[in-house]
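Take a look at the letters that make up each chain.
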Amino acid sequence: MDPEDSENASNCTDDAARKRATAKKLIEQYYYQLTKGCGNTCCANEVCASSGKVKVFTPDEAAAKALQLFVRRAQLCPAKLSNHGTVNKSLEHYREDNQTCGTTNSIPCEDDVGCDRITCNVEGCPMEVASPIRPSTSDSLLLSKPGPMKHFVLSEKRLLGIISKCEEEKSFSVLIRTLGEVFSNKESLVQSFLRKEDTVVVSECLTKEDIRAMEVDPDKDHDSATERGLLKPDEVTVDLESVRRAFVVLFGIPDRPFQDALINAISTLCMNLEIDLKYYNPCPRDPNVINIFLIIMEIPMLECPEYLDSALPAFCKTASILPLQAQTKLARVWSKAKPDKLKTMVDTIHQVITLRVIGGHFSRDYCLNEEEVIVAATKTMKILYFASLVGGDVETVDYTDDIEQTEEDESLQDLLQGAVSRESKEPKQTRTDPFVQDLGIHVIDCRKPLIPFEDYYNELLSDNLEMDHDFTNYKTGGTKFSFMNYSFILTPAVKAQGLYYDNRICMFNERRLSVLQSLLHGSPPNPFLRLRVRRDHLIDDALVGLEMVAMENPSNLKKQLVVEFDGEQGVDEGGVSKEFFQLVVEELFNPDFAMFTLNQETETYWFNPTSFESGAQFTLIGIILGLAIYNNVILDIHFPMVLYRKLLGRRGSFCDLYGWNPGLARGLQYLLDYQDSDIEDVFMQSFRITYQDVFGTLLTHDLKDNGEEILVNQENKQEFVEIYSDFLLNKAVEKQFRAFRRGFQMVTEDSPMKALFRPEEVELLVCGSKHFDFSALEEATEYDGGYTVDTLVIR
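Calculation rules
Residues numbered from 1 in each chain as written. Predicted model: local features only at pLDDT ≥ 70, side-chain atom pairs only at ≥ 80, totals over all residues. Heavy atoms only, no water. Helix = DSSP H or I, 4+ residues; strand = E, 2+ residues; numbered from the N terminus. Buried < 20%, exposed > 50% of the residue type's maximum accessible area, 1.4 Å probe, protein only. Contact = heavy atoms within 4.5 Å. Areas by Shrake-Rupley, 256 points an atom, 1.4 Å probe, with all protein chains shown as cover. Axes fitted to C-alpha atoms, helices over the stretch in contact; angles between N-to-C directions. Parallel < 35°, antiparallel > 145°, perpendicular 65-115°, else oblique. Left-handed = near helix turned anticlockwise from the far one by under 90°. Nonpolar A, V, L, I, M, F, W, Y, C, P; charged D, E, K, R; others polar. Patch = residues over 30% accessible without salt bridge, like charges linked within 9 Å, V, L, I, M, F, W, Y side chains within 5 Å. Salt bridge = Lys/Arg side-chain N within 4 Å of Asp/Glu carboxyl O. Core = buried A, V, L, I, M, F, W, Y, C linked by side-chain atoms within 4.5 Å. Pairing = 2+ DSSP bridges. Expected span 1.5 Å × (residues − 1). Phe/Tyr/Trp six-rings, centres within 6.5 Å; stacked < 30°, edge-to-face > 60°. pLDDT = per-residue confidence, 0-100.

## Quick notes on the overall build of the protein
Consideration 1: Along the protein, the regular secondary structure elements total 31 helices and 12 strands.
Consideration 2: Across the 795 residues that make up the protein, the buried fraction comes to 49%.
Consideration 3: Counting contacts in the protein only where the partners sit at least 6 residues apart, residues at least 24 apart contribute 76% of the total.
Consideration 4: Only carbon and sulfur atoms are counted for the fraction: they give 50% of the accessible area of the protein, which is about 39900 Å².

Given below as structure tokens:
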């Protein structure tokens, strides 16, 4: 060996030893500063015991805190704490020595921080930890290239081994420092708890060599299973079951001495990730980055106030700014979780939101929309919401808009739209949720999510929301956040208020245009949609009046409705309109009109496929239903849920039969469940069906050509059920429903109703709640005029 090289190697060894000794001394100084202080009673250092601002630490906690202060380069008091000179001199000496380690494998230090490794001997800890280089934003989460620096990783075996060793020695210093190191470092946590088989067996007694085995070189692991094409796009490398088992043991430790260190580590990690995601190219090089979010969401610390106050908000901020592909991948992974596990995650995020709503000081000038944590938690909740949809009972069906129109329908539409040409009408630009596009699922496609839709409502948030401000943010579509874009978290009552604002603005716009036209053309202003009807000819007058409006200018339907009864004096301030709608509904569903059929079991009405009424009549009925919603009027109307699904753009299917004709649905389900080979002899069912019209006449229909000759068997029973359901709910009433839906859309076409409401919530808009608390009504009732609670008429 060249003498000069030998001398350089010797110098490098001496430098490394000197730096390790200096680092050790600094950690000891932080330890004594936390436990004993500097002796200055007027000390202002918040991390010095003499200041009175430091809580009493146990030896293990003080050791962990000292290590954290060393990494952060926290302030040290100027008192002499050792025989080796002042603290400031030691710290300066360490910084000077760590500009470079002097070897060919050295890493240039950043921010005047050292790059070598140190040996921590606090409280007898044999653990060798990584050099305290603060994570730099230049080492981006998204574009960082793995360097030669090694990082600690954890597995279930290793964590259980550390816990066992700490319990044996009755000191959790190693566990605290290990969790702090792993959960504060992106590279470490990404590669922890991987699904690949662990090759390191942890013995009962950990040595320094065992701890070194926890290190991983990112360069050696760069050729991951994902990059080699061994993982599917929706698969992840983290073993979630292993994580859950490990956390059960970890959080079973009495008093959880590691809790503060873990919370601080997660907060630091999330803050660094947030910086990387905000200021660097949001296109992840390594899809395994989502392992971080999967692992953290498994941590069972919901009852810990510090966790809810610091770590989880930081986690939500980071998750909310993940790239769309990463968020949808998280949704796919969480969609495979058990419902109770997903429910726990949802409740956790609800806790974050609720605590912020309760603890915040909100006003008209500072609304919930401006609270960063609430906004981030709501965006994170959206990931869990779509996870519930993807993992639920999904049924993808065609849009009713895809049905071709007949010539009769074309003529009817031309009649009702008058001079308004469809060709000249500009297409509406609707907002499309990027989650819907990427995941290929809409909320209406999900028959039954993993957890109920109602579990996503946050009533406290909804009650405290300034809906007028939120609606303004929604309509402007700018950078300001609006909860209406995340309507799953709002209660139906609050969303109905947002729809009310939208309807009122449309009414005011129509009123303003009417006044301007009267000024320009000299015609009398007509700011309202006026209907003058006779009580004895209510339906005829209403339908004729609405037909005239639709023919002249359909946009007039969006004016505020004002009803006048012929021969009666009065001003319609809302009450007259409500009476009008009530009388119209009673007449329309009268069996004498024969436009709808009543199912006795469910007491719901459905379109009569053999009705003699024209399509225009059904269109005008749809207009009346739309006007009721538009004018905020509740109707005593009873349609099955399939009607509202079809109004929102889906076709009816077998599942919808339970809401309209449950007896028939049960019979078809029994047919599907029957597995014996004698199905043809038992059911004697062919592809020719019979049904009754409103007058009780039996009618027949072949579901397939020569249907009478085709018996239902084990091979075609599923096809029979699907075709039968499609005929009853779609094809048989296609003409009637298309006309009805067209009239409904004339009023609600530009409304945000589709984006805000699910079918069940649209029914609430139309009919109100069907569940009443009569006990609460009785408790709040005041009796007067001689009536009491026991009066017969009251009972």
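## Observations regarding the packing of helix α19 (residues 492-521) against helix α30 (residues 759-767)
Consideration 1: Orientation of α19 relative to α30, taken along the N-to-C sense of each, is 70 degrees, at an axis distance of 11 Å. When the axis of α19 is compared with that of α30, the two are roughly perpendicular. Like other packed secondary-structure pairs, α19 and α30 cross with a definite hand, here right-handed. Along the contact surface, α19 presents Pro492, Lys495, Ala496 and Leu499, while α30 presents Glu761, Leu764 and Leu765.
Consideration 2: Considered class by class, the residues forming the contact of α19 with α30 number five nonpolar, no polar and two charged.

## Description of a nonpolar patch on the surface
Consideration 1: Together, Tyr783, Tyr787, Val789, Val793 and Ile794 make up an exposed nonpolar region whose accessible area comes to about 430 Å².
Consideration 2: Positionally, Tyr783 belongs in the segment after α31 (774-780).

## Focus on the nonpolar core
Consideration 1: Counting residues in hydrophobic clusters, the biggest one holds 184 residues, and the most contacted among them are Leu175 and Phe183.
Consideration 2: Beyond its immediate stretch of four places on either side in the chain, Leu175 contacts Leu159, Ile162, Ile163, Cys166, Leu250, Ile253 and Phe258.
Consideration 3: Residues Leu26, Tyr30, Tyr31 and Ala74 belong to the second largest nonpolar core, which totals 17 residues.

## What to know about the pattern of salt bridges
Consideration 1: Counted according to the given criterion, the structure contains 35 salt bridges.
Consideration 2: For Lys317, the salt bridge is made with Glu372, and the minimal N-O distance between the two is 3.7 Å. Remark: Glu372 occurs in helix α14 (residues 372-391) and Lys317 occurs in helix α11 (residues 305-320); sequence separation between them is 55 residues.
Consideration 3: Note on Glu372: relative accessible area 43%, which makes it partly exposed.
Consideration 4: Among the ionic pairs, Lys382 bridges to Asp433, the shortest N-O distance being 2.9 Å. Taken together, the residues Lys382 in helix α14 and Asp433 in the loop between α15 (407-417) and α16 (434-439) connect sequence positions 51 residues apart.

## Quick notes on the environment of Ser614
Consideration 1: With respect to the helices and strands, the residue Ser614 is situated in the loop between β10 (604-607) and α22 (615-630).
Consideration 2: With 122 residues separating them along the chain, Ser614 and Gln736 place their C-alpha atoms 8.4 Å apart.

## Remarks on α30
Consideration 1: Where burial is concerned, most of α30 is hidden: seven out of the nine residues are buried.
Consideration 2: Listing the buried residues of α30 in full gives Pro759, Glu761, Val762, Glu763, Leu765, Val766 and Cys767.
Consideration 3: In this fold, the buried residues of α30 make contact with α19, α22, α23 (641-647) and α29 (753-756).
Consideration 4: In the segment just after α30, Gly768 is the residue with positive phi, at about 80 degrees.

## Some details on the pairing of strand β9 (residues 596-599)
Consideration 1: Looking at chain direction, β9 and β10 are connected through four bridges and run antiparallel. By the bridge assignment for β10, Phe596 is matched with Phe607.
Consideration 2: Between β9 and β10, which pair antiparallel in sequence order, lie four residues; one of them, Glu603, sits at a positive phi of approximately 55 degrees.

## Focus on the side chain of Asn503
Consideration 1: On the secondary structure map, Asn503 appears in helix α19.
Consideration 2: The class of Asn503 is buried, set by a relative accessible area of 5%.

## Here's the deal with the packing of helix α18 (residues 467-476) against α19
Consideration 1: Where α18 meets α19, the closest approach of the two axes is 10 Å, and the angle between their N-to-C directions is 65 degrees. Crossing of α18 over α19 shows right-handed handedness. Together, Met467, Asp468, Phe471 and Lys475 of α18 and Val494, Gln497, Gly498, Tyr501, Asp502 and Ile505 of α19 make up the contact between the two elements.
Consideration 2: When grouped by side-chain class, the residues that make up the contact of α18 with α19 number five nonpolar, two polar and three charged.

## Observations concerning helix α2 (residues 59-72)
Consideration 1: Across its 14 residues, α2 extends 20 Å between first and last C-alpha, which sits within 8% of the 20 Å expected from 1.5 Å per residue.
Consideration 2: Positive backbone phi, approximately 55 degrees, marks Arg73, located one or two places after α2.

## Section: the packing of aromatic side chains
Consideration 1: In this structure the tally under the stated criterion is 40 aromatic pairs.
Consideration 2: With centroids separated by 6.3 Å and ring planes inclined at 90 degrees, the aromatic side chains of Tyr456 and Phe488 adopt a geometry described as edge-to-face. One end of the pair, Tyr456, is in the loop between β6 (446-448) and α17 (459-464); the other, Phe488, is in the loop between α18 and α19, with 32 residues separating them in the sequence. Accessibility assignment for this pair places Tyr456 and Phe488 in one class, buried.
Consideration 3: Arranged with centres 5.8 Å apart and planes meeting at 65 degrees, the rings of Phe654 and Tyr658 form a pair that is edge-to-face.

## Details of unusual backbone geometry
Most peptide bonds are trans, and most residues other than glycine sit at a negative phi.
Consideration 1: Look at Lys170: it is not a glycine, yet its phi comes out positive at around 55 degrees.
Consideration 2: Position of Lys170 among the secondary structure elements: in the loop between α4 (156-169) and α5 (173-183).
Consideration 3: Phi at Asn706 takes a positive value of approximately 55 degrees, unusual for a residue other than glycine.
Consideration 4: Counting through the fold element by element, Asn706 comes out in the loop between β12 (698-702) and α27 (717-731).

## Some remarks on the environment of Pro759
Consideration 1: Of note, Pro759 is situated in helix α30.
Consideration 2: Under the relative-accessibility criterion, Pro759 is labelled buried at 5%.
Consideration 3: When the C-alpha positions of Pro759 and Tyr644 are compared, they lie 5.1 Å apart, and in sequence the two are 115 residues distant.
Consideration 4: Filtering out sequence-adjacent residues up to four positions away, Pro759 remains in contact with Ile444, Met641, Tyr644, Arg645 and Leu648.

## Some thoughts on the environment of Tyr787
Consideration 1: Counting through the fold element by element, Tyr787 comes out in the segment after α31.
Consideration 2: Residue Tyr787 is classed as partly exposed on the basis of its relative accessible area of 43%.
Consideration 3: With residues up to four places along the chain from it excluded, the contact list for Tyr787 reads Val793 and Ile794.

## Things to note about the confidence of the model for the protein
Consideration 1: Mean pLDDT for the protein: 78, with 76% of residues reaching 70 or above.
Consideration 2: Ranking the elements of the protein by mean pLDDT puts strand β1 (residues 118-119) last, at 35, and α14 first, at 95.
Consideration 3: Throughout residues 79-149 the model reports pLDDT below 50, and contacts reaching past four residues in sequence, or to other chains, amount to 167 contacts.
Consideration 4: For the stretch residues 399-427, pLDDT sits under 50, and the model shows 45 contacts to residues farther than four places along the chain or on other chains.

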